[in-house]
Amino acid sequence: MTDPGLRERKKARTRQVIAEAAARLFAQRGYEQVAVSDVAREAEVSEQTVYNYFQTKEQLVTDHDQLVQDELSRLIRTRAPGTTPAAAIREFVLGTVEGIRRIPAGQWRGELGFLAAISPTVHRLALEMSDRQASVVATAIAETETVAPEIAKLRGIALAGVFQIIITEAGRRAREGQSQDQIADELRTAIEAILDDLDRWLAPAKRKAAQ
């Protein structure tokens, strides 16, 4: 009988192989010039296997969307009393910035940031992804704080906007020729300042008075 853990690891590995193959091809040719059949050949799997893991071509460039949504929701819902949503997601956001350094050079220009900077189609996908993340964050805030739905929505947009800034700035800086390390270094400083500002904005009234 097949070990369920082994089966899940094999599935995760296959998904990763497909995603990496897609990123390499997008980096080489651009998003619009790559078909799902091309990705299947590059990954050495069938086209149906690609669709088993990614229902649409679009999901090949928004692969981490659900993971980000789930983690943002978890971090906000499980935060300690007195911790703002901005503080709760801080390490996760900064980890995303640091992750820029670890993307293989051959895949870097096939990632969401650079593709969104050069492709109107991918730019739209990035904005749609940000909307989904904002909705998830707003729901988590509304269910853990006593705030009006409109306020929760505004906070969700603000916090999801941090990821949108990372995507936009990474793409812009890559187009300008900055290295991945340089992008990560400069973005970290900028994102830390944004998170600090959001933390002050989202702090409870009593804490603001103390400050």
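Residues numbered from 1 in each chain as written. Predicted model: local features only at pLDDT ≥ 70, side-chain atom pairs only at ≥ 80, totals over all residues. Heavy atoms only, no water.

So what exactly am I meant to see when it comes to the pattern of salt bridges here?
Pairs can form between side chains of opposite charge whenever their charged atoms are close. The full count for this structure, using the stated rule, is 22 salt bridges. Between glutamate 169 and arginine 172 there is a salt bridge, with its nearest N and O atoms 2.6 Å apart. Here glutamate 169 and its partner arginine 172 are both found in helix H9 (residues 149-175), three residues apart, which amounts to about one turn of the helix. Using a relative accessible area of 35% as the deciding quantity, one classes arginine 172 as partly exposed. (Salt bridge = Lys/Arg side-chain N within 4 Å of Asp/Glu carboxyl O. Helix = DSSP H or I, 4+ residues; strand = E, 2+ residues; numbered from the N terminus. Buried < 20%, exposed > 50% of the residue type's maximum accessible area, 1.4 Å probe, protein only.)

It is not clear to me how the packing of aromatic side chains should be interpreted in this structure. Could you clarify?
How two aromatic rings sit relative to each other is set out by the distance from centre to centre and by the angle between their planes. In total, this model carries two aromatic pairs according to the counting rule given. Ring centres of phenylalanine 26 and tyrosine 31 lie 5.3 Å apart, and the angle between their planes is 50 degrees; on these two criteria the pair is classed as tilted. Look at tyrosine 31 and you get buried, because its relative accessible area is 4%. The side chain of arginine 15 reaches across the aromatic face of phenylalanine 54, ending 4.4 Å from its centre. One Lys or Arg, lysine 57, reaches over the ring of tyrosine 31 and ends 4.2 Å from the middle of that ring. (Phe/Tyr/Trp six-rings, centres within 6.5 Å; stacked < 30°, edge-to-face > 60°. Lys NZ or Arg CZ within 6 Å of the ring centre and 35° of its normal.)

What is the right way to look at the environment of threonine 96 in this model?
Checked against the element boundaries, threonine 96 lands in helix H5 (residues 85-98). With relative accessibility at 29%, the residue threonine 96 sits in the partly exposed group. As for threonine 96 and isoleucine 166, which are separated by 70 residues in sequence, their C-alpha atoms are 8.6 Å apart.

Hey, could you run me through unusual backbone geometry in this one?
The phi torsion of most residues other than glycine is negative, and most of the peptide bonds are trans. For glutamate 44, which is not glycine, the phi dihedral falls at a positive 60 degrees. The residue glutamate 44 is located in the loop between helix H2 (36-43) and helix H3 (47-53) in this model.

Mind showing me how you'd approach H5 here?
Every α-helix carries 3.6 residues per turn, so stepping three or four residues along brings you back to the same face. The end-to-end C-alpha separation of H5 is 20 Å, in line with the 20 Å expected for 14 residues at 1.5 Å each. Residues Pro85, Ala86, Ala88, Ile89, Phe92, Val93, Leu94 and Val97 constitute the buried set of H5. (Expected span 1.5 Å × (residues − 1).)

Would you mind going over the nonpolar core with me for this structure?
Val93, Leu159, Leu187 and Ile191 are the most contacted members of the largest nonpolar core, which has 31 residues in total. Within the residue set of this core, elements represented by two or more residues are helix H4 (65-77), H5, helix H8 (120-142), H9 and helix H10 (180-202). Residues within four places of valine 93 in sequence aside, it is in contact with Val162, Phe163, Ile166, Ile191 and Leu195. Membership of the second largest hydrophobic core comes to 24 residues, among which are Ala21, Ala22, Val34 and Val122. (Core = buried A, V, L, I, M, F, W, Y, C linked by side-chain atoms within 4.5 Å. Contact = heavy atoms within 4.5 Å.)

Help me understand the confidence of the model for the chain, please; the structure alone is not making it clear to me.
Interpretation of the predicted coordinates at a detailed level should be avoided for regions scoring low in pLDDT. With 95% of its residues at a pLDDT of 70 or more, the chain has an overall mean of 93. Of all the helices and strands in the chain, helix H11 (residues 205-210) carries the lowest mean pLDDT, 48, while H5 carries the highest, 97. (pLDDT = per-residue confidence, 0-100.)

Would you take a moment to explain the environment of valine 34 for this structure?
Assignment of secondary structure puts valine 34 in the loop between helix H1 (4-29) and H2. Of the residues examined, valine 34 reaches a relative accessible area of 2% and is grouped as buried. Sequence spacing of valine 34 and lysine 57 is 23 residues, and the spatial spacing of their C-alpha atoms is 9.3 Å. If sequence neighbours within four positions are ignored, valine 34 has contacts with Leu25, Phe26, Arg29, Val39 and Lys57.

Is there a simple way to think about H9 in this case?
Between the first and last C-alpha of H9 there are 39 Å, a value that for 27 residues agrees with the 39 Å anticipated at 1.5 Å per step. By the largest-angle criterion, valine 162 marks the main kink of H9, which is about 25 degrees. (Bend = angle between axes of the 7 residues up to and from the residue.)

Please explain the packing of H5 against H9 as it appears in this structure.
Packed helices, taken two at a time, are described by the angle between their axes plus the distance between the axes. Where H5 meets H9, the axes come as close as 11 Å, and the angle between the chain directions of the two elements is 15 degrees. With respect to each other, H5 and H9 are oriented roughly parallel. Along this stretch, H5 crosses H9, giving a crossing that reads as right-handed. Note on element contacts: H9 touches H5 through Leu159, Val162, Phe163 and Ile166, opposite Pro85, Ala86, Ile89, Phe92, Val93, Thr96 and Val97. (Axes fitted to C-alpha atoms, helices over the stretch in contact; angles between N-to-C directions. Parallel < 35°, antiparallel > 145°, perpendicular 65-115°, else oblique. Left-handed = near helix turned anticlockwise from the far one by under 90°.)

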